[in-house]
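Now for the letters of each chain:
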Amino acid sequence: MKSYSATLSATTIFMLKTDILIIGSGIAGLTSALKLARKHPNLTITILTKSSTDETNTKYAQGGIAVVNDMENDSFDKHIEDTLIAGDGLCSKHIVEIVVKEGPERVNEIIDWGTNFDMDKSGTYLRGKEGGHSEFRILHHKDVTGAEIERALMEEAKKHDNIKIYNHWFVLDLITQHHLGYLVTKATPDITCYGVYALNLQSNCIEKIPARMTLLASGGVGQVYRTTTNPKIATGDGIAMVYRAKGRVENMEFIQFHPTALYEAGISPSFLVTEAVRGDGGILRNKIGEAFMKSYDARADLAPRDVVARAIDNEMKRAGTEHVFLDCRHMDEKKFLEHFPNIYSKCKSIGIDVSKDMIPVAPAAHYCCGGIKTDELGRSSIQNLYACGECSSTGLHGANRLASNSLLEALVFAHRCAEDIAERIEKVAFCNEIPDWNVEGTSEPREMILITQSLKELQSVMSDYVGIVRNDIRLRRALNRIDLIHAETEELYKTSVLSPQLCELRNLITIGYLVVKGAQFRKESRGLHYNTDYPEKSPLLQSITL
Ligand code: FAD
Ligand code: SIN
C-alpha cells in the first residue's frame, strides 16, 4: 500500500461526521431519511443540500404521481405495459414490476405523512391522464403536486431529532481509496465510499464529512441544455462525482425533452405546461392552426413524450418557428382553473388568457433517464454508496420515461435503499484516515466571465448538436467543442479557489461528455435517442455503460 500523509490546510476545520449521509433534499433524499430515521432512531442521518432545502426538481413537479389506485378500471398489468411501451424495449421488466406493484404502498405512506392529493366531494381521488398512459391514474395536487409532496416530507422530517438538514453545503467529491493514496481505476473491484468533501457556502471552507453509508439523491441534469424546465440546481453533480470516482453510469443519451414548456424568449428555466392539460383535452396546433399530432401517431396528443417532442420539433423546423401552440380555448374554464391554477395565473401574468388565446409552447430538456447504475436495492457500483431518484438509473425508464413515473420511482427506491442500508450499516465502520482537502496553490479566479461564458458555450453546443434529433457529424462536433471547454475548465479548476459555479460547470461538462459518448455508442434510434444516420432500431438490446 502506498503510504499517505495528509495535507494540512489552514482553512479546513473538521465539523461533521455522520452514520448516514444523504446528498439532496428532494423526494428521494427526504423519503430515504424518513425511512432510516424510523428504523434507526439512534443513528445520525445528515442531509446536505447545496441550495435552500426545497429548491429541488421535486418542488416544480406539476402533473403528479402515476400509481394504480383504482383496481376496478386499472391494473398493475396495464401500468407495467404502458411503462414498457414508453421505454421502447430497454426497461428492465423486473424493475418495472417492482415499482408498479410496490408503488401504492409507498404512495399511501406519503399520504399518511400529510400529502394532500385532490379528491372529489365523495372523497375519491381525482386521477389525471398523461401521454403514454392507457388509464387515468395520476394523483395530483392541482398543478403543484411536487411542492405539496416536498412540503409534507419536510414537515415530517422536522419531527425526527436524528435527521439534520444542512442547507448551502455544496458536495464536491466522493471520498474513496483514491484519496487515501491508492490507485483506483474502472477495473478496481472494491471501490468504497467513505463520505464526501463539501464546500460550506457560509464559511467558504471545504470540509471532509466521513460517513459509514452515503446516498446520492442529487437529482437531474437539465442545466446542461440552454432551454430546460429544471431549476438552476439541476447540474448533474452526483452523476459526475460517481463518474470521477470510477463508478458506473449508464444510458446518459436518453435525455427527455418535455414537449410543452411555455415559450418565453430568453427566460430560463422554462415554465412547464403539464402534460395533464393535454390529458384534460388540450390540443397541439401548428402555426396555421392544424391539430398536427394525428398525422404523427394514432395516440395523437397523448402519444409518449419522445413522439410528441419530435413531432413538435419537426413542425417548428418546417415552419421556421420557435414554438407551436397548445389550444385550451374549448376547455371548460372553471375546470381548467380548478385543476391548473398555477398555469392559469402564469399565462395571465404574461398576457395570455387561456380561454381566448392559445399558449405558445416548445420542447425543453426535462429529465435524465440514465444516470448512476444501481441494482434493485439502489446500490451503486461503489461500495457503501447508494443512489436513488433522478440521478440513478434503476432500469425503470429504459429509453424513455413514462410521464409521472419518476416521483413513484423515487419513493419506491428510497424505501429499498433505506431497507438495505438499515440492514447493512452495523457492519460498516468509519474510515479514520481521510485526509483534509488540499487548497494549496489556488487563488481567487480573476474573472467570473471565464466560467459563465464556458457554461453558455456548453449549453449551446448541447442544444444545437445533441438535442432531440442527432446525427454523427453533430455529435463529433459537440465532442470536439466539449473537449476544448473541458481543457480550459480543468486548468481553471486546478488553480482556483473553488466556487459552486466553477464546480457546477465542471460537472456539467462531464454530463455533456457522457450524453455525447452514450449517443455515439448507440448506433440506432430508440426512445429518446434519435440519430438520422441510424433511423432504425438495432436488434441488439443494450444499455450503454460508461
Ligand atoms: P431533486 O428533487 O432534484 O433534488 C435534488 C437535491 O440534490 C436538491 O436538494 C439539491 O440541492 C441537491 N444537490 C444536487 N447537487 C448537490 C451538491 N453538489 N451538493 C449538495 N446538494 C446537491 N415527475 C413526476 O413523476 N411527475 C411530475 O408531475 C413531474 N413534473 C415535473 C415538472 C418539472 C418542472 C420538473 C423539472 C420535473 C418534473 N418531474 C415530474 C420530474 C421529478 O420532479 C424529478 O425527477 C424528481 O422530483 C427528482 O427528485 P430527486 O429527489 O431525485 O431530486
Ligand atoms: C408534467 O406534468 O407534464 C410532467 C410530468 C413528468 O415529468 O413526469
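The structure we're discussing is the one just above.
Asker: Report on the site of ligand 2, specifying residues and quantitative values.
Answerer: Looking at ligand 2, the residues that line it are Q62, G63, E130, H258, L272, T274, E275, R305, H366, R401, A403 and S404. Contacts to ligand 2 include T274, whose side-chain N or O atom sits 2.6 Å from an oxygen atom. Here an oxygen atom of ligand 2 and a backbone polar atom of E275 are 2.7 Å apart. In the complex, the protein chains occlude 92% of the 260 Å² of accessible area that ligand 2 would expose alone. Taken together, the residues that form the shell around ligand 2 break down as two nonpolar, six polar and four charged.

Asker: Can you tell me about the site of ligand 1, naming the residues and giving the values?
Answerer: Around ligand 1 there are 38 residues in total, and T58, G64, D237, E390 and S406 lie nearest to it. In the model, an oxygen atom of ligand 1 is placed 2.9 Å from a nitrogen or oxygen of the N57 main chain. Contacts to ligand 1 include V171, whose backbone N or O atom sits 2.9 Å from a nitrogen atom. With the chains in place, 98% of the 1,000 Å² that ligand 1 exposes on its own is no longer accessible. Elements represented by at least two residues in the shell around ligand 1 include exactly α1 (27–39), β2 (45–49), α2 (57–60), β7 (169–175), α6 (237–244), β14 (359–368) and α11 (406–424). Counted by class, the shell around ligand 1 contains 15 nonpolar, 19 polar and four charged residues.

Asker: I'd love a proper account of the sheet that holds strand β17 (residues 392–393), names of residues and values included.
Answerer: Spatially, β10-β15-β17 is the arrangement adopted by the three strands of the open sheet, whose pairing is mixed. Whereas interior strands pair on both sides, the edge strands pair on one side only; in this sheet they are β10 (249–250) and β17. α6 rests against β10 and β15 (371–373) of the sheet, and its axis sits at about 45 degrees to β15.

Asker: Lay out empty space enclosed by the protein in plain terms, naming residues and giving numbers.
Answerer: Scanning all chains against the criterion turns up one cavity of 30 Å³ or more. Considered as a void within the structure, the largest cavity measures approximately 60 Å³ in volume. Around the largest cavity, the lining residues are I255, F257, D306, A309, R310, I468 and L528. Among the elements of the structure, β11 (255–262) and α8 (305–319) are those that each provide at least two residues to the lining of the largest cavity. Considering every element that reaches the lining of the largest cavity, the biggest residue donor is α8, with three residues.

Quick notes on the rules
- All residue numbers here refer to positions counted from 1 along the written sequence of the relevant chain.
- Whichever chain is written first is A, and whichever ligand is written first is 1; the rest continue in order.
- Where local features are concerned, this predicted model is filtered to residues with pLDDT of at least 70; where side-chain atom pairs are given and counted, the filter is 80 or more; whole-chain, interface and lining totals use all residues.
- The side-chain figures draw on all heavy atoms in the structure; neither hydrogens nor water molecules are used.
- Put simply, a residue is near a molecule or strand once any heavy atom of it comes within 4 Å of that molecule or strand.
- Think of a polar contact as two N or O atoms within 3.5 Å of one another; within protein, one of them needs to be a possible hydrogen donor and the other a possible acceptor, and neighboring residues in sequence only count if both atoms come from side chains.
- What sets the accessible areas is the Shrake-Rupley method with a 1.4 Å probe; for residues, cover comes only from the shown protein chains.
- Residues are sorted three ways: Asp, Glu, Lys and Arg are charged, Ala, Val, Leu, Ile, Met, Phe, Trp, Tyr, Cys and Pro are nonpolar, and all the rest, Gly among them, are polar.
- Note on conventions: DSSP H or I runs of at least 4 residues are helices, E runs of at least 2 residues are strands, and numbering of each starts at the N terminus.
- Here a strand pair is declared whenever DSSP counts at least two bridges between the two strands.
- Only heavy atoms enter the contact rule, under which two residues are in contact if any of them lie within 4.5 Å.
- The axes are straight lines fitted to the C-alpha atoms, using for helices just the contacting stretch, and the angles between their N-to-C directions are given from 0 to 180°.
- Detection works on a 1 Å grid of protein atoms alone, calling trapped sets that fit a 1.4 Å probe cavities and calling open sets with protein on both sides within 12 Å along at least five of seven lines pockets, with lining residues defined by an atom within 4 Å of a point.
- Grid points are joined across faces, edges and corners, and a volume is the space filled by probe spheres set on the points.

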